[in-house]
Amino acid sequence: MAIKKQTFGMDFPFVNSNSGDYVGLTTIPESEVKAMLIHLLLTKKGSRYFLPDFGTNLYQYIFEPLDEITLGKIESEIQDAVEKYIPNLKLNDVIITRVGDEEKYKNDTEREHQIRINLDYTITTKTFQTSDKLSITI
């Protein structure tokens with residue numbers, strides 16, 4: 001009899017699964033929390049029928065002026081969503097930069113409305129703490 005590997009949830013972003021599942025599944029709790037974080041950040045608020053407050057409104061800021069006020073609103077949006085839906089995750093640092101401001105994109109005008117969100121976070125369980133980082137470009 002084959003031992004079935006324990007899974008915790010769907011991996012995000014979706015990829016083909018080698019085990020015959022329709023989507024990849026997470027096999028360690030830390031990867032489940034990271035998948036939940038990505039899912040939370042990229043889900044548009046109001047798109048979940050029974051959880052209308054789940055997600056963020058990050059995409060509404062794409063064509064807004066990327067000044068300090070807008071970047072502050074984006075950070076607040078992320079902080080509020082994580083506090084509400086992933087209580088065992090603590091955001092240690094949230095760094096939001098305009099992609100056009102980064103040195104390697106200085107001459108690329110197509111990227112002027114993109115932002116990069118870098119998150120440094122800690123996952124806390126009853127016994128252990130694990131730290132990780134995540135970078136998303138929108």
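Here we summarise the structure given alongside this text. (Residues numbered from 1 in each chain as written. Predicted model: local features only at pLDDT ≥ 70, side-chain atom pairs only at ≥ 80, totals over all residues. Heavy atoms only, no water.)

**Notes on the packing of aromatic side chains**
Then comes step 1: Scanning the model with the defined rule gives two aromatic pairs in all.
Then comes step 2: Here the aromatic rings of Tyr-49 and Phe-50 are separated by 4.9 Å at their centres, their planes lie at 85 degrees, and the arrangement is edge-to-face. Of the two residues, Tyr-49 and Phe-50, both sit in the exposed class.
Then comes step 3: Seen in terms of ring centroids, Phe-54 and Tyr-85 are 5.1 Å apart; in terms of plane orientation they differ by 75 degrees. Their pairing is edge-to-face. (Phe/Tyr/Trp six-rings, centres within 6.5 Å; stacked < 30°, edge-to-face > 60°. Buried < 20%, exposed > 50% of the residue type's maximum accessible area, 1.4 Å probe, protein only.)

**Some points on the pattern of salt bridges**
Then comes step 1: By the definition in use, this model includes four salt bridges.
Then comes step 2: Note that Lys-45 and Asp-53 form a salt bridge whose closest N and O atoms lie 3.7 Å from each other.
Then comes step 3: Under the relative-accessibility criterion, Asp-53 is labelled partly exposed at 33%.
Then comes step 4: The residue Lys-45 makes a salt bridge to Glu-77 at a minimum N-O spacing of 3.6 Å. Here the residue Lys-45 occupies a position in the loop between helix 1 (29-42) and helix 2 (68-85), and Glu-77 occupies one in helix 2, the gap between them amounting to 32 residues. (Salt bridge = Lys/Arg side-chain N within 4 Å of Asp/Glu carboxyl O. Helix = DSSP H or I, 4+ residues; strand = E, 2+ residues; numbered from the N terminus.)

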